[in-house]
Structure formats: structure tokens, C-alpha cells
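Spelled out from the first residue to the last, the chains are:
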Amino acid sequence: MTLKEFYAQIDGNYEDTLHRLPSEALVHRFVLKYPADPSVAQLRDSVSAADWETAFRAAHTLKGVAQNLGFDSLYRAAADLTEHLRGGKPLTEQPLMDAVLIEHERVMTAIEALG
């Protein structure tokens, strides 16, 4: 799979990402580092513990990572969840969390295929 095909598979924006990062090799390197990002694990753990401030920070961090890497669908899902949790509000809309996890898994599956 090419990097451009990867972005098509995750509904990401390949061209915009290349404008943010100076080369395709750098984009590829950062995409392959995404699985090591702790944001999703922190988000899951903090939601399970009802630690809404930490959940907000984790969602906000994930939103930024997704935006910088051009993972547009994950970015939108994380942005919606971030706004819902803003100010330490509890998660009352489980579909927002589900959307983040679905998009995260979609990205992870595509990264495995990208290799």
C-alpha cells in the first residue's frame, strides 16, 4: 500500500499533510509512530475511571495528533469528544467515544497494511 492509498483508506488528507510536513518520507515515519501514541489508552483508562479532566486532555491530545497527521475522520471524532468533555464534563454520549475508537481502529488497521 502506498502512503496516498493509506490516506484514501482512512479518509485522510494526504495533500494537506504533505504541506505540513516537508517530505513523504517524514510523513511515512510519523504515521508509523502513531501506534505508540498513548492518547487512546489514556482516554480509555480515564473514561473507565470517570476521570473527566484526564479524559478531556487525552481526547484533546488525540485531536491534535490526528489533525497534524491528516487523519481527518479520527480528528473529527476526537474533536467532537473533546468538546463534549470540555470543562471536565462527564461522558454522557457514548457514541462519541465509540466513534473515536472506531476511527482509531481504522487507522491502526491501515497502518498495519502500510507497514
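To start, this report covers the structure provided alongside it.

Conventions we followed
- Every chain is numbered independently, its residues counted from 1 as its sequence is written.
- Side-chain atom pairs in this predicted model are given and counted only at pLDDT of 80 or more, local residue features only at pLDDT of at least 70, and totals for whole chains, interfaces and linings cover all residues.
- As a rule here, side-chain values come from all non-hydrogen atoms in the structure, and water together with hydrogens is ignored.
- In DSSP terms, a helix is any run of H or I states spanning at least four residues, a strand is any run of E spanning at least two, and both are numbered starting from the N terminus.
- Each helix should span, by expectation, one fewer than its residue count multiplied by 1.5 Å.
- Only protein chains enter the calculation, and the probe is 1.4 Å; a residue is then buried if its accessible area is under 20% of its type maximum, exposed if over 50%, and partly exposed in between.
- By arc we mean the arc of the directions from the helix axis to the C-beta atoms, nothing more.
- Whether two residues touch is decided by their heavy atoms; if any such pair falls within 4.5 Å, the residues are in contact.
- Side-chain rings of Phe, Tyr and Trp (the six-membered ring for Trp) are treated as a pair once their centres are within 6.5 Å; stacked means planes under 30 degrees apart, edge-to-face means over 60, and tilted covers the remaining angles.
- Charge-over-ring contacts are defined here by two conditions on Lys NZ or Arg CZ: a distance within 6 Å of the ring centre and an angle within 35 degrees of the ring normal.
- Helix axes are fitted only over the stretch in contact, all axes being lines through C-alpha atoms; the angle between N-to-C directions runs from 0 to 180 degrees.
- Roughly parallel here means an angle under 35 degrees, roughly antiparallel means over 145, roughly perpendicular means 65 to 115, and every remaining angle is called oblique.
- Crossings are classed by handedness, with left-handed meaning an anticlockwise turn of the near helix from the far one by less than a right angle and right-handed meaning a clockwise turn.
- Amino acids outside the nonpolar list (Ala, Val, Leu, Ile, Met, Phe, Trp, Tyr, Cys, Pro) and the charged list (Asp, Glu, Lys, Arg) are all regarded as polar, and Gly is one of them.

Side note on helix 7 (residues 94–114)
In step 1: Given a rise of 1.5 Å per residue, 21 residues ought to cover 30 Å, and the 30 Å separating the end C-alpha atoms of helix 7 matches this to within 8%.
In step 2: What helix 7 keeps buried is the set Met97, Val100, Glu103, His104, Val107, Met108, Ala110, Ile111 and Leu114. With its buried residues spanning 165 degrees around the axis, helix 7 presents them on a single face. The outward face of helix 7, more than 90 degrees from its buried face, is lined by the exposed residues Pro95, Ile102 and Glu112.
In step 3: Looking at the buried residues of helix 7, the elements they touch are helix 1 (3–9), helix 3 (24–33), helix 4 (39–48), helix 5 (52–69) and helix 6 (72–85).
In step 4: In the stretch just after helix 7, Gly115 is the one whose phi turns positive, near 60 degrees.

A few points about the packing of aromatic side chains
Within a pair of aromatic rings, the relevant descriptors are the distance that separates the centres and the angle that separates the planes.
In step 1: The full count for this structure, using the stated rule, is five aromatic pairs.
In step 2: Ring geometry for Tyr7 against Tyr14: centres 6.0 Å apart, planes inclined by 55 degrees, an arrangement best described as tilted. Both residues of the pair, Tyr7 and Tyr14, count as buried.
In step 3: Ring centres of Tyr7 and Phe71 lie 6.2 Å apart, and the angle between their planes is 45 degrees; this geometry places the pair in the tilted category. Of this pair, Tyr7 sits in helix 1 while Phe71 sits in the loop between helix 5 and helix 6; the two residues are 64 residues apart in sequence, bridging distant segments of the chain. For the pair Tyr7 and Phe71, one class covers both residues: buried.
In step 4: Through a chain of ring-to-ring contacts, the aromatic side chains of Phe6, Tyr7, Tyr14, Tyr34 and Phe71 assemble into a single cluster.
In step 5: Cation over ring: Arg29 sits above Phe30, and NZ or CZ is 5.7 Å from the ring centre.

Focus on the packing of helix 4 against helix 5
In step 1: Two numbers describe how helix 4 lies on helix 5: the axes approach to 8 Å, and their chain directions differ by 155 degrees. Considering their axes alone, helix 4 and helix 5 lie roughly antiparallel with respect to each other. Considering only the axes of helix 4 and helix 5, their crossing is left-handed. Two secondary-structure elements touch here, helix 4 through Ser39, Val40, Gln42, Leu43, Ser46 and Val47 and helix 5 through Trp52, Thr54, Ala55, Ala58, Ala59, Thr61 and Leu62.
In step 2: Of the residues that constitute the contact of helix 4 with helix 5, the class distribution is eight nonpolar, five polar and no charged.

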